[in-house]
Structures are given as C-alpha cells and as structure tokens.
Amino acid sequence: MDTSENESSHYYSYSHYLKQTFGGKTYKVVVSSGLTCPTRDGTISKEACAFCDLRGSSSYFGKKGRGADIGEQIRKRLPAIRERFGAEHFLAYFQSYTNTYSEVSYLREIYEAALAEPGVAGLCVGTRPDCLPDEVIDLLEELGQRAYISLELGVQSFDDKTLEWLTRGHDAQCSLNALERLKKRAPHVHTCVHLMFGNPTEPAAVARDAALLLNGTGVRGVKLHQLMVLEHTELARRWKEEGAFRVANLDDYGQLVVEFLEHLSPEIYVERLCATATHKEECIAPEWSRDRWTPHNRLRELLSAKNVRQGSRL
Ligand code: SF4
C-alpha cells in the first residue's frame, strides 16, 4: 500500500484508493437495474434476507421491474451531484437488490448503457455470491478490460450459523467458491466484499477470522456494517414477537473493527467501518446506528487510542 496522502493512518481508506485509481474526486451515482433477488422472488424465499428492508439495502431505489432507462437515470442525477460534491469521475452504482440476477444479455444491455454515459468511468455492481455463474463473471471481466468494474459482493459472514440466522439462503462455502472463481476468471474486476458484524450468533473471533480468510482471496476492498434491526424486516418481526436479542454496543463493535483491521492485509482498501440507518426513524436497534457522526468519531478515537495499524498482527 502506498500510504502517501492516505487520509487515515490506521487503514487503507477508500478515498485514497479512488484517488490512486482515478486521480480525482470520484462519486458513486446510484441507479436501479430493475432486478430482484432469489430471496424475494420465491426462488429461495419470498421474505428477503432477515435484515433487509423494502429498499433492498439501498438509500435509493428507482422504478421496480425491468426496462428502467439507465442512461436517463444517470443524466437526471449527475448534474446535481457534480455541482454539490465537485466530483470529476462517476461510477454507476447498481446498489439495490441483486444486480447479476438475470440472463447475460440483459446484464450486458444495462451495464453498457451505464458505461456509454459521458462522465461515467465505471460500474459498481452489488450482488450475492450465489448469483455469479461463470458467464456473468466472464461478462464482468470482458468489461473490466476496458473500464473500471467493481463487484460489491454481499458475503455478510463466513459463519454458517450466522448466515442461517440472517436467512441468506447461501453458506460460507458458496462465498469462498465465488471469490475463488472471481480471482481465477476475472483479474480485472475489483471485488469489494460486504461484511456484517455484531450478530448474536457469531463466534468471538469472527472479525479476525474473516480478515484472515479474505487476505488470500485477491479481493481489492471490504465494506463493513453492523447488524441493524430495521422496521419492515424479519429481524423486526422477531424482535417484536419473540423479544429483543443481543446487538453490539458501539464499543464492542469498535473492538471487532480493531481486530478486523489488525488482521487485514494492508493491500485491501476499507470502504466503510460502520453503516448509518438511512431512515433513522425505522431503526429499532442498535440505537447508535441512527446517528452518523458519533459512531464514526468514536471509532476513530478508538483506532487512535489503540494506535491501530492495518495488518499489524499478520
Ligand atoms: S440483502 Fe441483498 S440479497 Fe438479501 S434481500 Fe436484500 S438486496 Fe436481496
């Protein structure tokens, strides 16, 4: 890792990675693919993953169903984002739901439509590990040879008990297989793994073990979030009908982040340390997820107090 200009001395920050990759201010523009998930359409279940709300884990979700005009969505949102954030480069972010859950011809159509928009330097594609057949990986690699392609892979946990509790519909081996195939077939694709900590089911060493597993997979980045109990989810139903379960307080979550960073290869960027509930009135627990800055500041204090260095315990 080249640490010059890295905004955090504790870990390889996403902003530093973007600067190294694009050389200027880069912003993700959320677009809707119109696709769904196997955990929503009845293929695995109709109930969605236990933590996921109607928005499909996104701050924005556009028109439902296929046929959404990708170019139009980008053209509508880009000028305001350019003005507000002074961004020079844009990444079309297929965030909500499972954006590889379709036949390859439709995926090619929507990805190409996004890449054809002036100012769009690449794609970020959010998906699940069980929706990555070889032909989809090959399409991503083909595009990755001429544009920036990031695959945001919702792994969530490498602990099978936790995956079951989250009703993800896949196990840890499925994620490891997907990561192995991506490494082999798609060297130009920048894979960023999403992980969730603070589940009542997870073992004490969950963060350390996840970092050690990731180090060998060739992933470029990781994005962390805490377990949140949001309204209109299966977790909310359990919380209300079966009683509250253990969620991480901020200090316990911070300790997991410390252990994770200290065991993570310094070559892997860290996009986020924790999440903020987009609709805070819909966040049942933990309470600290409703606020953006207190958790971020507290985590930074903790990293400084412990003088944390990414990869220091490898
Ligand atoms: S977490 Fe992801 S895969 Fe699960 S229901 Fe939500 S959007 Fe779909």
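None of these values were measured; they are calculated from a predicted model.

Enquirer: Can you help me understand the nonpolar core in this one?
Expert: Across soluble globular proteins, nonpolar side chains have a tendency to be buried as a group. Counting residues in each nonpolar core, the largest one holds 69 residues, and the members touching the most others are Phe94, Tyr111, Leu195, Phe197 and Phe260. Per-element accounting of this core gives the leading share, 7 residues, to helix 9 (residues 250–263). Setting aside chain neighbours within four positions, we find tyrosine 111 in contact with Phe94, Asn99, Thr100, Leu123, Val125, Leu139, Leu140 and Leu143. Listed in part, the 14 residues of the second largest apolar core include Phe51, Leu166, Phe245 and Ala285.

Enquirer: Help me out: how do you make sense of helix 9 in this one?
Expert: At 3.6 residues per turn, the α-helix brings residues three or four places apart onto the same side. Look at helix 9: 20 Å from first C-alpha to last across 14 residues, which is about the 20 Å you get at 1.5 Å a residue. The element helix 9 is largely enclosed, with a buried count of 10 among its 14 residues. Among the residues of helix 9, those classed as buried are Leu250, Tyr253, Gly254, Leu256, Val257, Val258, Phe260, Leu261, Glu262 and His263. Buried residues along helix 9 sit against strand 5 (189–197), helix 7 (206–215), strand 6 (221–226), strand 8 (269–272) and helix 10 (293–305).

Enquirer: Would you explain the side chain of glutamate 271 in this entry?
Expert: Its place among the elements puts glutamate 271 in strand 8. There is a polar contact of 2.7 Å between the side chain of glutamate 271 and the side chain of lysine 28. In contact with glutamate 271, other than residues within four places in its own chain, are Tyr14, Lys28, Glu152, Cys192, Val222 and Lys223.

Enquirer: Explain the packing of helix 9 against helix 10 to me, please; I cannot follow it from the model alone.
Expert: Packing of helix 9 against helix 10 brings their axes to within 10 Å, and their N-to-C directions diverge by 50 degrees. The angle between helix 9 and helix 10 places the two elements in the oblique class. The handedness of the crossing between helix 9 and helix 10 is right-handed. Of the residues in helix 10, those touching helix 9 at Leu250, Asp251, Tyr253, Gly254, Gln255, Val258 and Leu261 are Thr294, Pro295, Arg298, Leu299, Leu302 and Leu303. The class makeup of the residues in the contact of helix 9 with helix 10 is 8 nonpolar, 3 polar and 2 charged.

Enquirer: Would you mind showing me how to read the site of the ligand here?
Expert: The full set close to the ligand counts 13 residues, and Cys37, Arg40, Cys49, Cys52 and Arg128 are the nearest of them. Classifying every residue of the shell around the ligand gives 6 nonpolar, 4 polar and 3 charged.

Enquirer: When you look at the pattern of salt bridges in this model, what are you seeing that I'm missing?
Expert: Should their charged atoms come close, side chains of opposite charge can pair. Counted according to the given criterion, the structure contains 22 salt bridges. Residues glutamate 152 and lysine 28 are paired through a salt bridge, measuring 2.6 Å at the closest nitrogen-oxygen approach. Residue glutamate 152 is found in strand 4 (residues 148–156), and its partner lysine 28 is found in strand 1 (residues 26–31); the two are separated by 124 residues along the sequence. On the basis of relative accessibility, which here comes to 16%, the residue lysine 28 falls in the buried class. Note that glutamate 72 is salt-bridged to lysine 76, the shortest N-O span being 3.5 Å.

Enquirer: I'm lost on the packing of aromatic side chains in this one. Help?
Expert: Two aromatic rings are characterised by how far apart their centres lie and by the angle between their planes. For the coordinates displayed, the defined rule picks out 10 aromatic pairs. Aromatic side chains tyrosine 14 and tyrosine 17 sit 5.9 Å apart centroid to centroid with 20 degrees between the ring planes, which places their arrangement in the stacked category. Highlighted residues: tyrosine 14 and tyrosine 17, both in helix 1 (residues 14–22), separated by 3 residues, approximately one helical turn. The exposure class of tyrosine 14 is buried, given its relative accessible area of 12%. Ring geometry for phenylalanine 94 against tyrosine 111: centres 5.7 Å apart, planes inclined by 65 degrees, an arrangement best described as edge-to-face. You can see phenylalanine 94 sitting in strand 2 (residues 89–94) and its partner tyrosine 111 sitting in helix 3 (residues 104–115), a full 17 residues away along the chain. Tyrosine 111 carries the same exposure label as phenylalanine 94, and that label is buried. Connected via pairs of aromatic rings, a cluster forms that spans Tyr14, Tyr17 and Tyr269. We note arginine 238 situated over the ring of tryptophan 165; from NZ or CZ to the ring centre the distance is 5.2 Å. One cation-aromatic arrangement involves arginine 292 over tryptophan 293; the distance from NZ or CZ to the ring centre is 4.7 Å.

Enquirer: How should empty space enclosed by the protein be read in this particular structure?
Expert: It is the rolling of a water-molecule-sized probe over the atoms that shows where space remains empty. Within this structure, the stated rule accounts for 1 cavity of 30 Å³ or more. In this model, the largest cavity occupies a volume close to 30 Å³. Every residue along the wall of the largest cavity is listed here: Val31, Ser32, Ser33, Gly34, Leu35, Ser96 and Tyr97. For the lining of the largest cavity, the class distribution of residues is 3 nonpolar, 4 polar and no charged.

Calculation criteria
- Residues numbered from 1 in each chain as written.
- Predicted model: local features only at pLDDT ≥ 70, side-chain atom pairs only at ≥ 80, totals over all residues.
- Heavy atoms only, no water.
- Core = buried A, V, L, I, M, F, W, Y, C linked by side-chain atoms within 4.5 Å.
- Buried < 20%, exposed > 50% of the residue type's maximum accessible area, 1.4 Å probe, protein only.
- Helix = DSSP H or I, 4+ residues; strand = E, 2+ residues; numbered from the N terminus.
- Contact = heavy atoms within 4.5 Å.
- Expected span 1.5 Å × (residues − 1).
- Polar contact = N/O pair within 3.5 Å; in protein donor to acceptor, adjacent residues only side chain to side chain.
- Axes fitted to C-alpha atoms, helices over the stretch in contact; angles between N-to-C directions.
- Parallel < 35°, antiparallel > 145°, perpendicular 65-115°, else oblique.
- Left-handed = near helix turned anticlockwise from the far one by under 90°.
- Nonpolar A, V, L, I, M, F, W, Y, C, P; charged D, E, K, R; others polar.
- Near = heavy atom within 4 Å.
- Salt bridge = Lys/Arg side-chain N within 4 Å of Asp/Glu carboxyl O.
- Phe/Tyr/Trp six-rings, centres within 6.5 Å; stacked < 30°, edge-to-face > 60°.
- Lys NZ or Arg CZ within 6 Å of the ring centre and 35° of its normal.
- 1 Å grid on protein atoms, 1.4 Å probe; cavity = no way out; pocket = protein on both sides within 12 Å on 5 of 7 lines; lining within 4 Å.
- Points joined across faces, edges and corners; volume = space filled by probe spheres on them.

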